[in-house]
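A closer look at the structure
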Amino acid sequence: MMERHGLLRLGGLIVLLGVLVLAGAGVPAAAQAPGDELLARFGPAMLPDFTDDLAAHAHAPHYAIDMTLALTPTQAVIDGYQRVRYTNRAPDTLDAIVFRLYPNLESYGGKLLVSRVTVDGQIVTPHLDATGTVLRVPLPGPLAPGAAATLALDYELTVWEGRVRLYAQFSYLDGVLALPNAYPVLSVYEPGNGWWDVTDHTQGDAVYSATAFYEVTITAPEDLIFATSGIEIAQHAGAAGTLVHEYVAPLMRDFAIFASPHYVTLSGEQDGTAIRISYDPARINAEFNAFVALRVTQEAVKLFNATFGAYPFAELDVVQTPTRAGGVEYPGLFVVGDRLWDENGDNFLFVIVHETAHQWWYSLVGNDQTLDPWMDEALAQFATALFIRDLEGEASFEAAMETYLAQYSRFLALAADLDRPIGLPASAYDATSYYYLVYQKGPLFFGALADTYGLEAVLAALRDYFATYRYRIAEPADMLASFEQSLGADLDDVFAEWVGAFPVG
């Protein structure tokens, strides 16, 4: 996520855009479906070089979700049914499985009601906590390590037109539906801690989830244009003026849905990945701004592929929405707020690069965004400075890092005792300190490592870290161990200095 504060300048990108020619708009051909059933179903959503990843993670959770979306002038309602195949990959025997109902958070402002739950065909009675966001499903019998269960849930989701909560990331505004986490999402089981059940979401990102497979069918009014995680594999007419959309999204942490009757799409390609820009053509300079968004995203994907490791998915979506944040990241998709999009200034460019970086740091390498937000946000900020370096050279990279330092220093000038480590939970900061410590001081941590060990060594360490934890969840101790191995150094003291009482996670 990128909140709307003072951001870095990317003036050189305007020059770059002036000389680049729009890439071909065709979506790359789908990978040939391998013989294995799992690969056949999900292979088209992966680049050909990464279809083996599907079989390697075959025991990840598998969602099959059927949604029917109905709209009125005052609300949108989804009538949903989902089946989830869950394999216990923990060393502990489980007596329950926990789902998170994120729309019920005050910061989302929706209503998600689960009406019927079965486990392996047997009806069970789940327990919903006082916040309405933690649904504990008891199992008819113990689920041993390596064993699997199939859970089925009927649910209804409501989002009210015009209601704004926090960043308006979950909303129905100006005809735009923003529906991330619009279904019961499996929580994360942490050996030694149990099921993750944090419900405090006053800022930052709310979701903590494991990589999973998604097969999603959405029946909706025929005039809606959708942008989602994954790829659309089929579309056909439904009853009474509806279209049925079928999607697959393999090895993604959650499934996000955005829709509007006004969207048009501009498409391009980078390193085999289709880049799709969904935007409102009626807004100011709409087509040109969409072109800028496409080119910046292409350049960012190109750099991060080369710097961190290849993006494995066949598609990446960029969506214009009325979010009050500058931008918000989701697996295989990110959004940029209307105001920044219309302005098409430095902040617009910065947010696109930052959110593209989140496809590596959050989506592919996961972390607990509530407990350890620095692990993805600070890295996305550092990655943006690397983009500036690639675009404009070493001096501009140093200037970008100096800008982070200057903003952090201005914050400290208010009062020296405001300084805190970068590794605290999001809820431990007020709104101002969260931005200045996680987003401005945070990238300086990686800069300090580069000053000591050399930038190229740190980039090599990030490549190693990405390769090890792709599709997995990393904790601060994991990053520490990975960096120590890559850099051949004891980093306990520097992590303690910057991150705090370590390991925080």
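For the structure, check the block above.
About the criteria used
Residues numbered from 1 in each chain as written. Predicted model: local features only at pLDDT ≥ 70, side-chain atom pairs only at ≥ 80, totals over all residues. Heavy atoms only, no water. Helix = DSSP H or I, 4+ residues; strand = E, 2+ residues; numbered from the N terminus. Buried < 20%, exposed > 50% of the residue type's maximum accessible area, 1.4 Å probe, protein only. Contact = heavy atoms within 4.5 Å. Areas by Shrake-Rupley, 256 points an atom, 1.4 Å probe, with all protein chains shown as cover. Lys, Arg positive; Asp, Glu negative; His and termini not counted. Charge placed at Lys NZ, Arg CZ, Asp CG, Glu CD. Pairing = 2+ DSSP bridges. Patch = residues over 30% accessible without salt bridge, like charges linked within 9 Å, V, L, I, M, F, W, Y side chains within 5 Å. Salt bridge = Lys/Arg side-chain N within 4 Å of Asp/Glu carboxyl O. 1 Å grid on protein atoms, 1.4 Å probe; cavity = no way out; pocket = protein on both sides within 12 Å on 5 of 7 lines; lining within 4 Å. Points joined across faces, edges and corners; volume = space filled by probe spheres on them. Nonpolar A, V, L, I, M, F, W, Y, C, P; charged D, E, K, R; others polar. Polar contact = N/O pair within 3.5 Å; in protein donor to acceptor, adjacent residues only side chain to side chain. Expected span 1.5 Å × (residues − 1). Phe/Tyr/Trp six-rings, centres within 6.5 Å; stacked < 30°, edge-to-face > 60°. Axes fitted to C-alpha atoms, helices over the stretch in contact; angles between N-to-C directions.

Notes on the overall build of the chain
When helices and strands are counted, the chain shows twelve helices and 23 strands. Based on the C-alpha atoms only, the size of the chain along its principal axes is roughly 60 × 50 × 50 Å. Counting over 505 residues, the chain shows a buried share of 59%. Pairs at least 24 apart in sequence give 71% of the contacts found in the chain among residues at least 6 apart. By element, 51% of the accessible surface of the chain is carried by carbon and sulfur atoms, the whole surface being about 18300 Å². Across the chain, 26 positive and 62 negative side-chain charges occur, with their mean positions spaced 3 Å apart.

Digging into the sheet that holds strand E11 (residues 185–186)
Consider a sheet: its strands pair through backbone hydrogen bonds, and that pairing is either parallel or antiparallel. In spatial order, the strands read E6-E7-E3-E11; together these four strands make up an open sheet with antiparallel pairing. A single partner strand is all that each edge strand has here, and the edge strands are strand E6 (127–128) and E11. Judged from the six bridges that link them, strand E3 (residues 94–100) and strand E7 (residues 134–143) form a sheet pairing that is antiparallel. Bridge pairing links Ala-96 to Pro-138 in E7.

Considerations on the environment of Phe-304
Checked against the element boundaries, Phe-304 lands in helix H4 (residues 286–307). Exposure remark for Phe-304: the relative accessible area of 0% places this residue in the buried category. Note: C-alpha distance between Phe-304 and Ile-284 (20 residues apart in sequence) is 30 Å. The residues touching Phe-304, leaving out its near neighbours within four places in the chain, are Gly-309, Val-353, Thr-356, Ala-357, Trp-360 and Ala-383.

What about a negative patch on the surface?
Together, Asp-490, Asp-492, Asp-493 and Glu-497 give the surface a local cluster of negative charge. You can call Asp-490 exposed: its relative accessible area is 60%.

What to know about the layout of surface pockets
There is about 670 Å³ of room inside the largest pocket. What lines the largest pocket is a set of 30 residues, among which Arg-89, Val-188, Tyr-189, Ala-210 and Ile-473 lie closest to the centre. Going through the elements one at a time, strand E2 (75–87) and strand E12 (189–190) are the ones with two or more residues in the lining of the largest pocket. Residues of the lining of the largest pocket, tallied by class, amount to 18 nonpolar, seven polar and five charged.

Some remarks on the side chain of Gln-369
Following the sequence through the fold, Gln-369 ends up in the loop between helix H6 (346–357) and helix H7 (374–392). With relative accessibility at 3%, the residue Gln-369 sits in the buried group. Among the polar contacts made by the side chain of Gln-369, one reaches the main-chain carbonyl oxygen of Val-207 at a distance of 2.7 Å.

Describing helix H8 (residues 394–414)
Under the 1.5 Å per step criterion, the end-to-end length of H8 is 31 Å for 21 residues, consistent within 8% with the ideal 30 Å. Lining the buried residues of H8 we find H6, H7, helix H9 (431–453) and helix H10 (455–469).

A closer look at the packing of aromatic side chains
Considering all chains together, one arrives at 37 aromatic pairs under this definition. A ring pair is formed by Tyr-429 and Tyr-434, whose centres lie 6.1 Å apart and whose planes are at 50°; its orientation type is tilted. Judged by its relative accessible area of 5%, Tyr-429 falls in the buried class. Between Phe-445 and Phe-495, the ring centres sit 5.0 Å apart and the planes meet at 80°, which makes this aromatic pair edge-to-face. Of this pair, Phe-445 sits in helix H9 while Phe-495 sits in helix H12 (residues 492–499), and the two are 50 residues apart along the sequence. Among the residues examined, Phe-445 registers a relative accessible area of 0% and is labelled buried. Classification of Phe-495 as buried rests on a relative accessible area of 0%.

A closer look at the sheet that holds strand E15 (residues 225–228)
Across the sheet, which stays open at both edges, the four strands sit in the order E9-E10-E18-E15 with antiparallel pairing between neighbours. The open sheet has two free edges, formed respectively by strand E9 (171–173) and E15, since each of these has just one partner strand. Averaged over all pairs of adjacent strands, the angle between their axes in this sheet comes to 10°, without regard to strand direction. Here strand E10 (residues 176–180) pairs with strand E18 (residues 256–260) via four bridges, running antiparallel. Bridge pairing in E18 places Leu-179 opposite Ile-257.

Describing empty space enclosed by the protein
All told, the structure shown has three cavities of 30 Å³ or more when counted by the stated rule. Taken as a whole, the largest cavity holds about 80 Å³ of empty space. What lines the largest cavity is simply Tyr-108, Gln-169, Asn-181, Asp-205, Ala-206, Val-207, Asp-254, Val-328, Glu-329, Tyr-330, Tyr-362 and Gln-369. Partitioned by chemical class, the residues of the lining of the largest cavity number six nonpolar, three polar and three charged.

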